[in-house]
Amino acid sequence: MDVHRERPSGGGDRVDYQPSEVANLILFLAFGPVIIVALRRTMTVVPSMCYVALGAMLGAYVFTVAEGFIWPVGLNLLEHVCYAVAGVAFALTLRQFRRVAPPAESAR
Amino acid sequence: MNEPIIVVLDVVSMIGFLIAAIVPLVSPSETPLVTKSVRYVFSAAMGLYAFVGISNILEHAEITAFWDLYEDYAEIMFIAALAYIASTMLQNQQLDNQVKASRLMRQQNDLLLNIVDTVPGGILVVGPTGAVTFANEGAERLLGMTSDSGGSVSITPSWILLDPLTAEETSLAQIAVGGPLTRRTLFARWPDGTQTELVFSSTPMTAHGGELGGSIVAFEAASHRG
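The rules behind each value
Residue numbering note: each chain is counted from 1, following its sequence as written. To label them, take the chains in the order written and letter them from A, then take the ligands in the order written and number them from 1. Per-residue local features are limited, in this predicted model, to residues with pLDDT of at least 70; the limit for side-chain atom pairs, both in listing and counting, is 80 or more; totals at the level of whole chains, interfaces and linings are taken over all residues. In computing side-chain properties, one takes all heavy atoms of the structure into account and sets aside hydrogens as well as water. Here a residue-residue contact requires only that any non-hydrogen atoms of the pair lie within 4.5 Å. Put simply, buried area is how much 1.4 Å-probe accessible surface two parts lose in total, over both of them, once they are put together. Basic side-chain nitrogens of Lys or Arg form a salt bridge, by our definition, when they fall within 4 Å of a carboxyl oxygen of Asp or Glu. Identification of polar contacts relies on pairs of N or O atoms within 3.5 Å, with a donor-acceptor requirement for protein atoms, meaning one able to donate a hydrogen and the other able to accept it, and with residues adjacent in sequence counted only if both atoms are side-chain atoms. Helix numbers and strand numbers start at the N terminus; a helix is a DSSP run of H or I with at least 4 residues, a strand a run of E with at least 2. Each residue receives one of three labels: charged for Asp, Glu, Lys and Arg, nonpolar for Ala, Val, Leu, Ile, Met, Phe, Trp, Tyr, Cys and Pro, and polar for the others, Gly being one of them. pLDDT is a per-residue confidence score from the predictor, ranging from 0 to 100. Whenever a pair of cysteine sulfur atoms sits within 2.5 Å, that pair is classed as a disulfide. Here's how the labels work: a residue is buried when its accessible area is under 20% of the maximum for its type, exposed when over 50%, partly exposed in between, all with a 1.4 Å probe on protein chains only. The rule is simple: put a 1 Å grid over the protein atoms alone, call a set of points where a 1.4 Å probe fits but cannot get out a cavity, call an open set with protein on both sides within 12 Å along at least five of seven lines a pocket, and count a residue as lining if it has an atom within 4 Å of a point. Grid points are joined across faces, edges and corners, and a volume is the space filled by probe spheres set on the points.

This paragraph deals with the interface of chain B and chain A. Residue-level contacts link 46 residues of chain B with 42 residues of chain A. Note on chain B versus chain A: buried area summed over both sides is about 3900 Å², and carbon and sulfur give 68% of it. At the boundary of chain B with chain A, the tally comes to 0 salt bridges. Counting across the chain B and chain A interface gives 8 residue pairs in polar contact (both at pLDDT 80 or more). Of all the secondary structure elements, the ones that give two or more residues to the side of chain B that touches chain A are α1 (3-26), α2 (36-60) and α3 (68-118) of chain B. Take the side of chain B that touches chain A: its biggest share by element is 15 residues, from α3 of chain B. Here the side of chain B that touches chain A is built from residues that sort into 27 nonpolar, 10 polar and 9 charged.

Here it is in structure tokens:
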């Protein structure tokens, strides 16, 4: 039984991508720099794992769109590699953040 | 062919995102930038991708692709949540800077008031109309002024200022609008006829638009040697 969801074609005969995947990529490309600028402005030291996590998320979005055009099997695998890296990196970001966060004294 | 590898990767992803979702909820630490709302939204964002991981596991383990339909929403909301966190952290930083600046200003103001009240001489802030808007403890003692908590200053009993050079009456208003003054001797004559010799200095203040905004008037009791 094939339980995989069908990917509605984004148009043309050879391409196979979901419009929502393109929308995600565009949104991330638009907000990603804003998120990084905000982190750099608000934190004296941005946890390095945060960059890894955001980079992996970007990679996942790129690969998921690109797999509709070329090398679907390999790029799909890379997409999931990126998700795994992002998950671990976000978890490690919190560990790093606890070290670089300002002291709780100034918390309100 | 890659499905088992993908399932393993999705399990790793799900565990990572789940940890990232749970830690901010159980962690009590809070900073001016990472407030409760930021922590909750971050947890929600991480939870969304933990859900995507679970959905991918079910799909690639050939169990069900049902939840795959909802993945798109989760992914869109994830980006929106990150953008919200970034924006909120920026706003929190601005707010924190304002609070710190305001605290610093209050400290400086308190220090200045302490200095002004420690000075044995009198210090007055006289408006352009001659109304006294501030008197330190020295001024209250030397010229019998009283300040209330609302910042208004009253003068009782009424004395008059005499200029020994012209032997004419002068006033604080004339001192306030008369330009800078350096160590000028004036007499305060009290209703009972006694006189206090005072040495006055004043510095004009500029209001908005460059107009004269009154003066800071300082004075002390004259000391005579020999």
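This part covers the confidence of the model for chain B. Of all residues in chain B, 94% have pLDDT values of 70 or greater, and the mean over the chain is 87. The complex model carries a pTM of 0.72, and its ipTM stands at 0.83.

Here we come to the state of the cysteines. Applying the stated rule across the entire model yields 0 disulfides over all chains. With no disulfide of its own, cysteine 50 of chain A has cysteine 82 of chain A as its nearest cysteine by sulfur position, at a separation of 16 Å.

All names here are of chain A. Within the secondary structure layout, threonine 93 lies in helix α3 (residues 72-100). In this structure threonine 93 comes out as buried when scored by relative accessible area, which is 8%. At 3.2 Å, the side chain of threonine 93 forms a polar contact with the backbone nitrogen of cysteine 50.

Before going further, it helps to examine empty space enclosed by the protein. Counting across every chain of the model gives 1 cavity of 30 Å³ or more. For the largest cavity, the calculated volume is near 420 Å³. In this structure, the largest cavity is lined by 25 residues; those nearest its centre are Leu94 and Phe97 of chain A together with Val34, Val38 and Phe42 of chain B. Of the residues that constitute the lining of the largest cavity, the class distribution is 18 nonpolar, 4 polar and 3 charged.

Residues and elements named next belong to chain B. Within the secondary structure layout, glutamate 211 lies in the loop between β8 (195-206) and β9 (212-221). Expressed as a C-alpha distance, the spacing of glutamate 211 and proline 128, which sit 83 residues apart in the sequence, is 9.5 Å. Excluding residues within four positions of it along the chain, glutamate 211 makes contact with Met205 and Thr206.

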